[in-house]
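Take a look at the letters that make up each chain.
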Amino acid sequence: MSEAIAVALVGADTPASQAFLDVLGEMPLALTALYPLSDDEEAVSVELRHQSLPMIDVASFDWKKADAVVFVGAPELAKRYAQAACDAGAAVIDLTGATASQSGKPQRGHIVGLPHVLTSMISAPLAALHALGAIDFAGATAMLSVSEDGQAAIEALSMQTRQLFAQQEVELAGYPKRLAFNLLPTADCGEEQRIATELTAVGTPLNCITVSRVPMFFGHAVSLNVLMHDGVTLEQIEAAIQASPALYYLKADGAAGIATPQDAIGGDKIWLNQLQVAADGRSVQMWLVADNARLPARAAVLLLALL
C-alpha cells in the first residue's frame, strides 16, 4: 500500500480544480492533508469527500508542508510559484502548460507536466488505427471550449454574451476578436506546434492541425481525417477502437448516435462517433469529443498515486 501524502492544489477556485477534486474524491488515494490554494480573496472553501476545506492564500503558503503540488486552471500562478514549490522539495504536477516541465513519473524537486488534452484525444484513435497498418496522412480540426484558457475566459464569454443581448459594446477581454457567437482561430498561440510535437514524441505524428476557440464553456471536439497506406474494413477499425481503453465508441441510430461535447462532460473517456470509411478502405473520418477538464484531472491523480 502506498503511503499517505499531503497535496497542495493551486488554483483551487477555478473550474478545472473542481474536476480534479471530483476525481480525487472518487479514487482511493490516501491523503494526510489537502491544501486548497488561491490568490482570490473572495474564494472561501472547497469540498473533498464531503469535507469542507478552507481556502488558503497561495502567497503565504509554506511549500514544505506539501509532498506534491498540483497547479490547475491558473497558469499565472504556475509561472509564479511552481519553481518555489519545486525548490522546497515537493513533486510538482503542472496541468496549466505554463512551465518548462517534462513528462514522466513525478519526483520530489521536479516539475512534471501533462500533454495538451488534444494530444490525448488525437493520439488514442491514431494509435488504434496504427495497429491496423501504416498511416500515410493524418489531419485534425480541433474546436476548443474557452475553459481551456481558464476562469477569465469563461467570464469573458459570459460577459460578451450578456453585452450582445443588451446591445452594448463588447469587451474583448484580452482576445483579438469576440468570442461570443463566433469562431476564433488560434494558430498564433503555439498550441498547434505543441500538439504536433507531443504527438510525434508518442509515436502518432500528425501532418496538420487547425485549432480554434468555439463559444462553449466546457468540452472539446476534434474532426480527425486519416489516410491509411493500405485498405482496411469498417469492422477492423471498429474492433481496434473498441479495444482501446481510452476510447468510447458511440454507435446508435438517430439522436442517440450523435456525440456532442456536452455528452462527454463528466466522463473519463474520449467519445468517438460519426465513423466513416471510404470505399477503398484508406480514407477514415471520425468525430471525437471529451471533457477537457476531467481527462487531465484523472491523469494527474494517477500521477499522484505513483508517489
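So, a few notes on the structure that sits alongside this text. (Residues numbered from 1 in each chain as written. Predicted model: local features only at pLDDT ≥ 70, side-chain atom pairs only at ≥ 80, totals over all residues. Heavy atoms only, no water.)

1. Considering the packing of aromatic side chains
Here is step 1 of the chain: For the coordinates displayed, the defined rule picks out six aromatic pairs.
Here is step 2 of the chain: Relative to Y81, the ring of W63 has its centre 5.9 Å away and its plane inclined at 40 degrees; by these criteria the two rings are tilted. Note that W63 is positioned in the loop between strand 5 (56-57) and strand 6 (68-71) and Y81 in helix 2 (residues 75-87), a separation of 18 residues in sequence. Each member of the pair, W63 as well as Y81, is classed as buried.
Here is step 3 of the chain: Between F165 and F181, the ring centres sit 5.9 Å apart and the planes meet at 80 degrees, which makes this aromatic pair edge-to-face. Of this pair, F165 sits in helix 4 (residues 151-165) while F181 sits in the loop between helix 4 and strand 10 (184-185); the two residues are 16 residues apart in sequence, bridging distant segments of the chain.
Here is step 4 of the chain: F165 gets classed as exposed once you look at its relative accessible area, which sits at 65%.
Here is step 5 of the chain: Take F181: its relative accessible area is 53%, and that puts it in the exposed class.
Here is step 6 of the chain: Ring pairs connect the aromatic residues Y35, F61, W63, F71 and Y81, which therefore count as one cluster. (Phe/Tyr/Trp six-rings, centres within 6.5 Å; stacked < 30°, edge-to-face > 60°. Helix = DSSP H or I, 4+ residues; strand = E, 2+ residues; numbered from the N terminus. Buried < 20%, exposed > 50% of the residue type's maximum accessible area, 1.4 Å probe, protein only.)

2. Thoughts on the sheet that holds strand 13 (residues 247-249)
Here is step 1 of the chain: What the seven strands build is an open sheet, ordered 10-11-9-12-15-14-13; its pairing is mixed. Strands at the two margins of the open sheet, each flanked by one partner only, are strand 10 and strand 13.
Here is step 2 of the chain: Against the sheet, helix 3 (residues 117-130) makes contact with strand 9 (135-144), strand 11 (208-213), strand 12 (220-228), strand 13, strand 14 (270-277) and strand 15 (283-290), and its axis sits at roughly 30 degrees relative to strand 12, the strand it touches most.
Here is step 3 of the chain: Where helix 5 (residues 191-201) meets the sheet, its contacts fall on strand 9 and strand 11, and the angle it forms with strand 11 comes to roughly 135 degrees. (Pairing = 2+ DSSP bridges. Contact = heavy atoms within 4.5 Å. Axes fitted to C-alpha atoms, helices over the stretch in contact; angles between N-to-C directions.)

3. Section: the pattern of salt bridges
Here is step 1 of the chain: A complete count under the given rule lists nine salt bridges for this structure.
Here is step 2 of the chain: With its nearest N and O atoms 2.9 Å apart, the salt bridge here joins R194 to E198. Taken together, the positions of R194 and E198, both in helix 5 and four residues apart, correspond to about one turn of that helix.
Here is step 3 of the chain: On the basis of relative accessibility, which here comes to 18%, the residue E198 falls in the buried class.
Here is step 4 of the chain: Here R294 and D268 are joined by a salt bridge, their closest N and O atoms 2.3 Å apart. Taken together, the residues span a long stretch of sequence, with R294 in helix 8 (residues 294-305) and D268 in the loop between helix 7 (261-264) and strand 14 at a distance of 26 residues.
Here is step 5 of the chain: We classify D268 as partly exposed; its relative accessible area is 30%.
Here is step 6 of the chain: A cluster of three or more residues bridged by salt bridges with shared partners is formed by E26, D268, R294 and R298. (Salt bridge = Lys/Arg side-chain N within 4 Å of Asp/Glu carboxyl O.)

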